[in-house]
Amino acid sequence: MDILKNIEVPTGNILIVKGELGKLECLSLGDYGKDVNLNQHKKVIHTDILPLSEKWVCTISTQYGCSSGCIFCDVPKCGPGINATLNDLLNQVMMVKSMHDDIKTCGRFNIHYARMGEPTWNTAVLDSAILLKYELSGFLVHPVVSTMMPRKNENLARFIWAWCHIKNEYYNGEAGLQLSINSTNDKERIAMFSGNALDLVSISKIMRTMPKPVGRKYTLNFAIAGYEIDAEYLARLFDPRDFICKLTPMHKTASALKNGIETNGDYTESYPYEEYESTLKDVGFDVLTFIASKEEDDSRITCGNAILADRE
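Counting restarts for each chain, with residues numbered from 1 along the sequence as it is written. A pLDDT threshold of at least 70 governs which residues receive local features in this predicted model, and a stricter bar of 80 or more applies before side-chain atom pairs are shown or counted, although totals over entire chains, interfaces and linings include all residues. Excluded from the side-chain calculations are hydrogens and water; all other atoms, namely the structure's heavy atoms, are used.

## Section: the sheet that holds strand 2 (residues 12-18)
Taken together, the 10 strands give an open sheet; going across it, the order is 1-2-3-4-7-8-9-10-11-12, and neighbouring strands pair in mixed fashion. With partners counted over all chains shown, the strands left at the sheet margins are strand 1 (3-9) and strand 12 (286-289), one partner each. Between one strand and the next, the sheet's axes are offset by a mean angle of 20 degrees, whatever the strand orientation. Any two strands are treated as partners once DSSP identifies two or more bridges connecting them. Secondary structure follows DSSP: runs of H or I at least 4 residues long count as helices, runs of E at least 2 residues long count as strands, and numbering of each begins at the N terminus. Of the strand pairs in this sheet, strand 3 (residues 23-29) and strand 4 (residues 56-60) are connected by four bridges, and their pairing is antiparallel. Within strand 4, the residue paired with cysteine 26 across the bridge is isoleucine 60. Along the sheet, helix 3 (residues 124-135) makes contact with strand 7 (106-113) and strand 8 (139-147), crossing strand 7 at roughly 170 degrees. Between N-to-C directions, angles cover 0 to 180 degrees, with each direction set by a line fitted to C-alpha atoms, over the stretch in contact for helices. Note on contacts: a residue pair is in contact if any heavy atoms of the two residues lie within 4.5 Å.

This is how it looks when you write it as structure tokens:
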């Protein structure tokens, strides 16, 4: 796999690489650490990242483009979702690792299946997670699948079931499953996902057939942008003993800004998230509030962005 373009950003690098079927994006990123980004009651400003030997974030594409049509995401501009191959998935990770060959061990190497594409369409994701645990000797690998739970995917429940077993058994709980929820109002969800995501009741029915999470709970993600979050309704559908809620800013992608979808106020401070955090905690959810710096958003390292869409 060749690097076609290497874009340096404040916390790392965005790579455009040559896959077996065309161009893909993957990211090599450092992390400020939880003391900076998580649940802070102060403004998050750019600072030094942790040593990559402590925490390293690798975000890879699971598809060339995406067919989900989420109106806050730039990736659909790259074309329809065509699955990346198993070699594509493995090589993106190894390409990121090769950028810092001097690092032989890592206390936490996060692999996010979250750059371009909807991962549950691509069963090679499952195989790659199993192989990468052994490919990355000396690295504590923590893979995370982020999905909007596509409505037309007949294989969805089988994929989620297989991923839950990989999470619980192969990784002893040290892996993640993140469901992109954003709103508890299905009309809002139909609009934001262009009708391509399952309704919440259907998602709940699928998740009730899954094994109890080992280690980390399953994550319900909410990108805060004025959407409805009915905490009591959410708790009836998703047991707080098995699910944690994650609050993030709505990242400032070109599509989100064009469609008027953004976090109210200063998204680099805690106050836009505090009311939601409080009501979710009141019904029993653990809540993780991730607050981004302006540099993280401006450098387009977060999900929903795609350099291929308008910057190549």
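Let us keep going from here.
## Observations concerning the packing of aromatic side chains
For this analysis, a ring pair means two rings from Phe, Tyr or Trp (six-membered ring only for Trp) whose centres lie within 6.5 Å, classed as stacked if their planes differ by under 30 degrees, edge-to-face if by over 60, and tilted for the remaining angles. Enumeration over the complete set of coordinates arrives at seven aromatic pairs. Ring plane angle 40 degrees and centroid distance 6.0 Å describe the contact between tryptophan 56 and phenylalanine 139, whose orientation is recorded as tilted. Remark: phenylalanine 139 occurs in strand 8 and tryptophan 56 occurs in strand 4; sequence separation between them is 83 residues. Each member of the pair, tryptophan 56 together with phenylalanine 139, is buried. Each ring, one from phenylalanine 72 and one from phenylalanine 193, has its centre 5.9 Å from the other, and the planes form 75 degrees; the classification is edge-to-face. Here the residue phenylalanine 72 occupies a position in the loop between strand 5 (63-64) and strand 6 (82-83), and phenylalanine 193 occupies one in the loop between helix 5 (186-192) and helix 6 (200-208), the gap between them amounting to 121 residues. In this pair, the class of phenylalanine 72 matches that of phenylalanine 193, namely buried. Between buried and exposed lies partly exposed: a residue is buried under 20% and exposed over 50% of the maximum accessible area for its type, with that area taken using a 1.4 Å probe on protein chains only.

## Considerations on the pairing of strand 4
With respect to burial, strand 4 is a largely interior element, five of its five residues being buried. Here strand 4 shows no split at all, with Trp56, Cys58 and Ile60 on one side and Val57 and Thr59 on the other all buried. Note: strand 4 against strand 7, five bridges, orientation parallel. Looking across to strand 7, one finds that threonine 59 is bridged to histidine 112.

## Examining the nonpolar core
In this text, buried Ala, Val, Leu, Ile, Met, Phe, Trp, Tyr and Cys residues form a nonpolar core when linked through side-chain atoms within 4.5 Å. Core analysis: the largest hydrophobic core is formed by 94 residues, its most contacted members being Trp163, Met207 and Leu220. Top contributing element to this core by residue count: helix 4 (residues 156-170), with seven residues. In this structure, methionine 207 is in contact with Ile160, Leu177, Leu179, Tyr218, Phe238 and Phe243, ignoring residues within four places of it in sequence.

## Remarks on the environment of serine 146
With respect to the secondary-structure elements, serine 146 resides in strand 8. For serine 146 and leucine 179, which are 33 residues apart along the polypeptide, the C-alpha to C-alpha distance reads 6.0 Å. Those residues in contact with serine 146, other than ones at most four positions away along the chain, are Tyr113, Ala114, Glu118, Pro119, Gln178 and Ser180. Any N or O atom pair separated by 3.5 Å or less is treated as a polar contact, with the protein-specific requirement of one donor-capable and one acceptor-capable atom, and with residues adjacent in sequence counted only for side-chain atom pairs. At 3.5 Å, the side chain of serine 146 forms a polar contact with the side chain of glutamine 178.

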